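Take a look at the letters that make up each chain.
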Amino acid sequence: MATITTRQGDTWDILSKKAYGTEMFMDVLMRANITHRKAVIFPADVVLSVPAIDDATIENTTNLPPWKRTGGQQ
């Protein structure tokens, strides 16, 4: 499993964007790093696990609100 090291001020959505290219998977990061679930703003040098995203993980986004959809679906 890959890892990501935080920088001072990182948040879950920022880390998701860095790891996956979208904020959509911050819940995946949180589940993989459950001991840090209460973190809102990270300090520097926290090493987090970054699980791989496969097609089974990506849900049908048609039922998601527009701000959480990817790929231009609206």
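See the structure printed just above.
Let me begin by describing the structure that accompanies this report.

**Topic: the environment of I14**
Part 1: Here I14 lies in helix α1 (residues 12-20).
Part 2: In this structure I14 comes out as partly exposed when scored by relative accessible area, which is 35%.

**Here we look at the packing of aromatic side chains**
Part 1: Scanning all chains against the criterion turns up two aromatic pairs.
Part 2: Taken together, a centroid distance of 5.0 Å and an interplanar angle of 80° make the contact between W12 and F42 edge-to-face. Taken together, the residues W12 in helix α1 and F42 in the loop between α2 (26-32) and β2 (47-50) connect sequence positions 30 residues apart.
Part 3: Its relative accessible area of 5% is what places W12 among the buried residues.
Part 4: Owing to a relative accessible area of 2%, F42 belongs among the buried residues under this scheme.

Reading the values: rules and limits
Residues numbered from 1 in each chain as written. Predicted model: local features only at pLDDT ≥ 70, side-chain atom pairs only at ≥ 80, totals over all residues. Heavy atoms only, no water. Helix = DSSP H or I, 4+ residues; strand = E, 2+ residues; numbered from the N terminus. Buried < 20%, exposed > 50% of the residue type's maximum accessible area, 1.4 Å probe, protein only. Phe/Tyr/Trp six-rings, centres within 6.5 Å; stacked < 30°, edge-to-face > 60°.

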